[in-house]
Structure formats: structure tokens, C-alpha cells
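Next come the chains, spelled out residue by residue.
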Amino acid sequence: MTSSIATIALLVAEYDEAIVFYRDQAGFALLADTDMGGGKRWVLVAPPGGNGARLLLARADGPEQRKAIGNQTGGRVMLFLETDDFSGTHAAMVARGVRFLEAPRHEPYGSVAVFEDLYGNKWDLIEPRS
């Protein structure tokens, strides 16, 4: 038997603005946008061509969830976007308006730069060393 993490819920303020960021700026594919009634939607995005986990863009419901938007990990890097072309991916994301918090750096484990999404969640763009 095998298991894998398939989907990660990410709290967002509004579906449409989150779709615009992840699709148009981060370059993800919009996999699903299904109306579930009552103002809820099932919105899935993922990096194109990837076989990894998808993000469920989950609109925050109530004050506690709204407080957590952009800080679901207490300020630490939350997610890691792995690429096999760091320079190309980084340049494309910068050109589309993604805000990087640092210049690319080369660590023993690979090339990396921290960026943030539209709400301030921190991500690592990383190309692991082979």
C-alpha cells in the first residue's frame, strides 16, 4: 500500500483574487473551479506538468480563519515549489509580478529564493541539487 499527500488546503480571502495570483502570476494551472452552493467553491490549482500535491484554495469562513490568512505557519516558509529550471522559473515569476523577498542563493541542498503569495504566505522556489 502507498500513500501520498494529494491536496493541501490554503486559506484565502476571496476565490477569484487567489486564482488570479496562482494562475496568472505564479503560473499554476487551474484544475477545478466548482460551485458547491452557499457561496462555497472547490478551487484546485497546481504547478503545470507536476505530479505533486495540489492546492485547494479555501475561502476563510469566520474570524478565526480570516486571522490565519497569510500566516498559516507563524511566519515560516510554508510551501516549497520545486523546479528543474531555477533561473527560468525565477525569471518568469518575476516578470509576472511575483514578489521575491531575497535574491536567489545557492545552498548545499540547491538553488533557492523565498517569495510570498498575495496574502504574505512564504514559499521557497527551489531547484534541488542532484
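In this text, all values refer to a predicted model and were calculated from it rather than measured experimentally.

(A) Just the side chain of His-90, in detail. Tracing the backbone shows His-90 in helix 3 (residues 86–95). Residue class for His-90 comes out buried when judged on its relative accessible area of 15%. When residues no more than four places from it in sequence are discounted, the contact partners of His-90 are Phe-100, Pro-104, Ala-113 and Leu-125.

(B) Geometry of the UniProt feature "domain: VOC" (unreviewed entry) in the protein chain. When the UniProt feature table is mapped onto this chain numbering, "domain: VOC" (unreviewed entry) sits at residues 4–128. This span, residues 4–128, is 22% helix and 42% strand, and a straight line between its end C-alpha atoms measures 20 Å.

(C) Representation of helix 3 within the structure. Looking at helix 3, one finds that the buried residues are Phe-86, His-90 and Met-93. Down the axis of helix 3, the buried set is contained in an arc of 70°. They therefore lie on one face. Turned more than 90 degrees off the buried face of helix 3, the exposed positions are Ser-87 and Ala-95. Backbone geometry just after helix 3 places Gly-97 at a positive phi near 95°.

(D) Here's a closer look at the sheet that holds strand 1 (residues 7–12). Read across the sheet, four strands follow the order 1-4-3-2 without closing on themselves; strand pairing throughout is mixed. Single-partner strands in this sheet number two, and they are strand 1 and strand 2 (29–37). Each neighbouring strand pair of the sheet contributes to a mean axis angle of 25°, computed without reference to strand direction. Alignment of strand 1 against strand 4 (residues 54–59), held across six bridges, turns out to be parallel. Bridge assignment links Ala-9 to a residue of strand 4, and that residue is Leu-56. Those strands touched by helix 1 (residues 15–25) are strand 1, strand 2, strand 3 (40–46) and strand 4, and its axis lies near 10° from that of strand 3.

(E) Just the pattern of salt bridges, in detail. Overall, the coordinates contain seven salt bridges when judged by the stated rule. Linking Asp-16 and Arg-41 is a salt bridge whose minimum nitrogen-to-oxygen distance equals 2.8 Å. With Asp-16 in helix 1 and Arg-41 in strand 3, this residue pair connects regions lying 25 residues apart in the sequence. The closest approach of N and O atoms between Arg-41 and Asp-33, which form a salt bridge, is 2.8 Å. Among the residues examined, Asp-33 registers a relative accessible area of 37% and is labelled partly exposed. Residues participating in the shared-partner salt-bridge network are Asp-16, Asp-33 and Arg-41.

(F) Examining the pairing of strand 2 more closely. Bridging between strand 2 and strand 3 involves seven bridges; their strand directions are antiparallel. Bridge pairing in strand 3 links Asp-33 to Val-43.

(G) Molecular detail of the side chain of Ser-111. Position of Ser-111 among the secondary structure elements: in strand 8 (residues 110–116). Given a relative accessible area of 15%, Ser-111 falls into the buried group. For Ser-111, the side chain forms a polar contact with the side chain of His-106, separated by 2.8 Å.

About the thresholds
Residues numbered from 1 in each chain as written. Predicted model: local features only at pLDDT ≥ 70, side-chain atom pairs only at ≥ 80, totals over all residues. Heavy atoms only, no water. Helix = DSSP H or I, 4+ residues; strand = E, 2+ residues; numbered from the N terminus. Buried < 20%, exposed > 50% of the residue type's maximum accessible area, 1.4 Å probe, protein only. Contact = heavy atoms within 4.5 Å. UniProt positions renumbered as here; feature names shortened; annotations may be inferred. Arc of directions from axis to C-beta. Pairing = 2+ DSSP bridges. Axes fitted to C-alpha atoms, helices over the stretch in contact; angles between N-to-C directions. Salt bridge = Lys/Arg side-chain N within 4 Å of Asp/Glu carboxyl O. Polar contact = N/O pair within 3.5 Å; in protein donor to acceptor, adjacent residues only side chain to side chain.

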